[in-house]
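# Structure at a glance
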Amino acid sequence: MSSLLLWLHIGFAIFTIGPVTAATMAAPRVIRNKNVSALQFVQRLTRIYSLGTLGVFVFGLALGAVIGQGLLGKWYMTASMTLFIVAAVLLVIIDRDLRTAVRALSSESAEDDAKVQNGRIAAISGLLSVIWLVILFLMVVPTG
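Note that the structure is a prediction, hence the values are computed from the model and not measured.

## What about the environment of Gly119?
Residue placement: Gly119 occurs in helix 4 (residues 115–140). Residue classification places Gly119 among the partly exposed positions, given a relative accessible area of 39%.

Spelled out as structure tokens, the structure:
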């Protein structure tokens, strides 16, 4: 059972966290190009893969519970789970900003060109990438 959960945990990590990171990192360029249809696609990708990342958390939690031995109580597991929750909140903020940018670029008004959302998405997606790397480090290099 634990090997199946490990495979699911790693599979979800590879096939959801990578694409959501790529989508959020591509969003600022799409906003700058004012390509509304591409931005709608990026927003949809971000939402779908953000929901998929919850599988990483669920299967990781289940794996920790099955393995037992107080694994979930270790400091690095607590830190990585906390960082994951922070990342999930950041993904919600990015999704909100993407929706706002789509509305701004779709409107007839030329004065709102989504520059605020562009900067915020760029900054948060960079932070999100660092969080994913820290979580990866905490999962690969555990210390007592």
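## Quick notes on the UniProt feature "transmembrane region" (unreviewed entry) in the protein
Here, UniProt's "transmembrane region" (unreviewed entry) annotation points to residues 6–27, 48–69, 75–94 and 121–141. End-to-end, the C-alpha atoms of residues 6–27 are 31 Å apart, and along that stretch the chain is 100% helix and 0% strand. Across residues 48–69, helical content stands at 91% and strand content at 0%; the span's end C-alpha atoms are separated by 34 Å.

## Here we look at the packing of helix 2 (residues 36–67) against helix 3 (residues 75–106)
Their axes nearest at 10 Å, the elements helix 2 and helix 3 cross at an angle of 165 degrees. Of the possible angle classes, the one that applies to helix 2 and helix 3 is roughly antiparallel. Crossing hand, helix 2 versus helix 3: left-handed. Within the contact between the two elements, helix 2 uses Val36, Leu39, Gln40, Val42, Gln43, Thr46, Arg47, Ser50, Thr53, Val56, Phe57 and Leu61 and helix 3 uses Met81, Phe84, Ile85, Leu91, Ile94, Asp95, Leu98, Arg99, Ala101, Val102, Leu105 and Ser106.

Procedures and definitions
Positions within a chain are numbered from 1, following the residues in the order the chain's sequence is written. Only residues with pLDDT of at least 70 get local features here, since the model is predicted, and only at 80 or more are side-chain atom pairs given and counted; chain-wide, interface and lining totals rely on the full set of residues. Here the side-chain values reflect all heavy atoms present in the structure, with hydrogen atoms and water set aside. Each helix is a run of H or I in the DSSP string that is no shorter than four residues. Each strand is a run of E no shorter than two, and both are numbered from the N terminus. To sort residues, take the accessible area from a 1.4 Å probe on protein chains only and compare it with the maximum for the residue type: under 20% means buried, over 50% means exposed, and anything in between is partly exposed. UniProt positions are given in the numbering used here, feature names are shortened, and annotations may be inferred rather than shown by experiment. The convention used is that axes are lines fitted to C-alpha atoms, helices contributing only their stretch in contact, and that angles between N-to-C directions extend from 0 to 180 degrees. Comment on the angle field: the value is read as roughly parallel under 35 degrees, roughly antiparallel over 145, roughly perpendicular from 65 to 115, and oblique elsewhere. Should the near helix be turned anticlockwise from the far one by less than a right angle, the crossing is left-handed, and should it be turned clockwise, the crossing is right-handed. Note on contacts: a residue pair qualifies if any of its non-hydrogen atoms lie within 4.5 Å across the two residues.

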